[in-house]
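One-letter residues, chain by chain:
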Amino acid sequence: MRRTSRPTTTPAAARRRLAAVLAATAALTLAAVPGPAAAAPQEDADPRLQSRYVTMPDGVRIAVDVYLPAGTAPGAGADLPTVLTVQRYWRARAEAGRSGGITEAARRWTARGYAYVTADLRGTGASFGTLTSEPSDEAAADAGPLSDWIAAQPWSNGRVGTTGDSYGGDTAMLTASLGNHHIAAAAPISYDFDANEDLARPGGLLIEPRLAPYAMLLRILDGTGGTTCETDEETRRICDLVGLHGVTPRPVDGPDGPALLAAARAEHAGNVNQTEMARAGTHRDYRDGPKAWKAGSVAERTEAIEAGGVPVFTRAGWLDAGTANGVLSQFSALSNTQDDWIGPWNHSATWFADPFRPARPVTAAEREENDQRVVAFFDHYVRDGARPDGRRRVHYYTFNEGTWRTTDRWPVAGTRTRRLHLGQDHTLDRRRPERAGTDRLVLDPTAGTGEFDRWNTNLSGDQVSYPDRAAVDAKLLSYTTAPLTEDTRITGSAKVTLDVTGLAGSERGALHAYLEHVAPDGRVTYLTEGQLSLTERAVADRDDNPDWRRLRTPRTYAAADSAPFPQGRAQRVVIDLQPVSALFRAGDRIRLSIAAANPDSFELLPADGRAAYLIGHGGGRASTLDLPVVG
């Protein structure tokens, strides 16, 4: 058997990626919080901090840090609104013999007159319990009793706003499904609406190269299976890079705090192994006891979220994994009051990410602008107690134009589908070719999307950067239009339909599709992509498609609907592309590129890297690209 080569990751690149993963987790506690306000009282005074346990109805103790504004007297009727964040990556770190300091998030929220409560997720940090899935049903439910406890405190006004970034955003949105009357608003930032489709297995394909370092981080943090900084060379390197040696979650106050921390962490040793779960969970309906993709899915709780009526603010980046797809699914499925922002950002909006401009860290002014939107939302609903007004808006940014727009409907008004046909000589045209033909696609295990692509940022917090793709496209099948005669703006989700004949190795293969912009000077700019494991190609009845999937091709990704891809017989394959908004100017060209692998971010199918396909076009073998054109 021929040995298949794959791009190698240099040790330096691996170290950067691991360091970025861990640094990003530390940054998550600082995201989605307000900057200092001009009228904020005593900005230089530390808030009051109490670390303690709150016992859940099943007896599991959850570690919480309660921060109150400076000058708040114990037991006083301060009538404070509260911000609640449930953290996966420890609510605070402490060195041996030291309790840890005041977090920047706590300083900023309390300066605005809020109580700030941050909790370790069940089975993590200093909380007791075992995490049976990511997150488990029990962990997702704990925010309800925590909110009840907050509302019962003498300093509380009875209203709680839940927020968080990334995993903390997932838990904040799940909290909105609990039907708890104290929860007045939710602000999930850069969250995964459905961890299966929007992050771990888009199109049924595992993001294996990106997942492994992140999963190792979780094992170190939790001590899963006894994993520590000293387990092996890899864990030592991770801990060396980010200073995890001698660092623990913050224990609760009191002389028993360290002993309670040790007892809690002993229960984490049995936490779920995320890598094993992701590999075993090939299908969306996977379940192994409590381990299931649906356990932590916001998508599976849309009816409960809608029934609860909690107003939602959210923010996502067009190029942050599938988070924008999730926001649009949320908008389409929920009638809740919403203020949704989709912009030129990486994960957590720490980097500006417009593929037509150089990547750069966001400016202090840009960060302040984003943060103040969250503050204003919470001021309205959590501080002032306003009732939801039913307004639903999406604010979105357009690449290659730099313009923000606001809509109260999706697809946006004036959207029409423009169909382009693949044809002879790698053309893409509005006219359907009369002459039928095929092009051969051979899996190239070196043709990927690079180190800093959209799938990397979600698990690392890295920038998003796509270099000129002209050289990569030379390894793929590419179909390109003639220069456009007028400006063309696309906004929404494009769809690729291919006539595919499987050749040797294709039974368990995959296809990747890239929508690209070709400038008059020949530069090729990435816009968006889609992928599909060909065993998951079955299209379901539209009536069976849940509301949250109404913008996506009806699919179940269920084990019962999976089947090997036949060889030698043409099949119709539909691939959804991630949503995007971008402008093509007159003289630009539109390109669709097809690949059989993306080794930088996805598992290789088949595993030996040997597969080939025929892509049909023209005549009765139509292959098309449907674009959502506006205006």
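Here's a quick rundown of the structure. In this text the structure is predicted, and so the values were computed from the model without any measurement.

1. Focus on the overall build of the chain
Each helix and strand in the chain was counted, giving 15 helices and 29 strands. Expressed as lengths along the three principal axes of its C-alpha atoms, the size of the chain is roughly 80 × 55 × 45 Å. Within the span of the chain, comprising 631 residues, buried residues form 60% of the whole. A separation threshold of at least 6 residues defines the contact pool for the chain, and within that pool the share at least 24 residues apart is 79%.

2. Concerning the side chain of Arg454
Turning to its location among the elements, Arg454 is positioned in helix H14 (residues 454–460). It is Glu529 that comes nearest to the buried, bridge-free Arg454 among opposite-charge side chains, at 5.0 Å. Engagement of the side chain of Arg454 in a polar contact is seen with the backbone oxygen of Trp318, the distance being 2.6 Å. Within the local environment of Arg454, its side chain forms a polar contact with the backbone oxygen of Ala321, the two atoms lying 2.9 Å apart. When neighbours within four sequence positions are excluded, Arg454 is seen to be in contact with Trp318, Leu319, Asp320, Ala321, Val464, Tyr466, Tyr526, Thr528, Glu529 and Gln578.

3. Concerning the packing of aromatic side chains
Think of a pair of aromatic rings as described by two things: how far the centres are apart, and how the planes are tilted against each other in angle. One pass over the structure, following the stated rule, counts 18 aromatic pairs. Both rings, one in Trp345 and one in Trp404, keep their centres 5.7 Å apart while their planes meet at 40 degrees; by these two values the pair is tilted. With Trp345 in the loop between strand E12 (338–343) and strand E13 (351–352) and Trp404 in strand E16 (residues 403–407), this pair connects stretches of sequence that are 59 residues apart. The class of Trp404 is partly exposed, set by a relative accessible area of 35%. Note on Tyr397 and Phe399: the rings are 6.0 Å apart at their centroids and 70 degrees apart in plane angle, and the pair reads as edge-to-face. Three or more aromatic residues link up through ring pairs in this structure, and these residues are Trp341, Trp345, Phe352, Tyr397, Phe399 and Trp404. For Arg373, the ring lying beneath its charged end belongs to Trp341, and the centroid distance is 3.7 Å.

4. Side note on the sheet that holds strand E15 (residues 392–398)
Reading across the sheet, the 10 strands line up as E1-E2-E5-E3-E6-E7-E11-E12-E15-E16 and stay open at both edges, with mixed pairing between neighbours. Both outer strands of the open sheet, strand E1 (48–55) and E16, are each paired with one neighbouring strand and no more. Neighbouring strand axes in the sheet, compared pairwise and without regard to direction, differ in orientation by 15 degrees on average. Of the strand pairs in this sheet, strand E7 (residues 183–189) and strand E11 (residues 312–317) are connected by two bridges, and their pairing is parallel. Across the sheet, residue Ala186 finds its bridge partner in E11, namely Val312. Sitting on the sheet, helix H4 (residues 143–151) is in contact with E1, strand E2 (61–68), strand E3 (80–87), strand E5 (115–120), strand E6 (156–165) and E7, with an inclination near 155 degrees to E3. Contacts from helix H13 (residues 364–383) reach E3, E6, E7, E11 and E12, with the element oriented near 165 degrees to E7.

5. Details of the pattern of salt bridges
By the definition in use, this model includes 34 salt bridges. As a salt-bridge pair, Asp429 and Arg431 come within 3.1 Å of each other at their nearest N and O atoms. Owing to a relative accessible area of 28%, Asp429 belongs among the partly exposed residues under this scheme. A residue is classified by how much of its surface remains accessible, and Arg431, at 65% relative accessible area, is exposed. The closest approach of N and O atoms between Arg469 and Asp473, which form a salt bridge, is 4.0 Å.

6. Focus: H4
Summarising burial for H4: seven of the nine residues are buried, a large majority. Every buried residue belonging to H4 is among Ala143, Gly144, Leu146, Ser147, Trp149, Ile150 and Ala151, and all of these are buried.

7. Here we look at the pairing of E16
Here E15 runs beside E16; their pairing, made up of five bridges, is antiparallel. Looking at E16, one finds that Val394 is bridged to Thr407. Hairpin connection of E15 to E16: four residues between the antiparallel strands, including Asn400 at a positive phi of 65 degrees.

8. Looking at the nonpolar core
Among the nonpolar cores identified, the biggest contains 63 residues, and Trp318, Leu498, Leu511, Ile590, Leu625 and Leu627 are the most heavily contacted of them. Sequence-distant contacts of Leu625, that is, excluding residues within four places in its chain, are made with Arg418, Arg419, Leu420, Leu422, Leu428, Ala494, Lys495, Val496, Leu515, Ile590 and Leu592. If you look at the next biggest cluster of nonpolar residues, it comprises 54 residues, including Ala63, Leu84, Trp155 and Trp455.

9. Brief notes about the side chain of Thr163
You can see Thr163 is positioned in strand E6. Residue Thr163 is classed as buried on the basis of its relative accessible area of 3%. Of the polar contacts made by the side chain of Thr163, one reaches the backbone oxygen of Ala187; its length is 2.6 Å.

Calculation criteria
Each chain carries its own residue numbering, running from 1 in the written order of its sequence. Confidence filtering applies because this is a predicted model: local features only for residues at pLDDT of at least 70, side-chain atom pairs given and counted only at 80 or more, and all residues used for totals across whole chains, interfaces and linings. In computing side-chain values, all of the structure's heavy atoms are included and hydrogens and water are not. Under the scheme used here, helices are H or I runs from DSSP no shorter than 4 residues and strands are E runs no shorter than 2 residues, and both carry numbers assigned from the N terminus. Only protein chains enter the area calculation, which uses a 1.4 Å probe; residues under 20% of their type maximum are buried, those over 50% are exposed, and those in between are partly exposed. Here, two residues are considered to be in contact whenever any of their heavy atoms come within 4.5 Å of each other. When charges are tallied, Lys and Arg are placed among the positive residues and Asp and Glu among the negative ones, while His and the ends of the chain are skipped. Take a side-chain nitrogen of Lys or Arg and a carboxyl oxygen of Asp or Glu: if they are within 4 Å of each other, that pair is a salt bridge. Any pair of nitrogen or oxygen atoms within 3.5 Å is treated as a polar contact; in protein, a donor-acceptor pairing is required on top of that, and neighbouring residues in sequence qualify only through side-chain atoms on both sides. The pairing test for Phe, Tyr and Trp rings, Trp by its six-membered ring, is centres within 6.5 Å, and the orientation test on the planes gives stacked under 30 degrees, edge-to-face over 60, and tilted for anything in between. Charge-over-ring placement is defined geometrically: NZ (Lys) or CZ (Arg) within 6 Å of the ring centre, and within 35 degrees of the ring normal. Each pair of strands is called paired provided DSSP finds at least two bridges between the two strands. The axes are straight lines fitted to the C-alpha atoms, using for helices just the contacting stretch, and the angles between their N-to-C directions are given from 0 to 180°. To form a nonpolar core, buried Ala, Val, Leu, Ile, Met, Phe, Trp, Tyr and Cys residues must be joined to one another through side-chain atoms within 4.5 Å.

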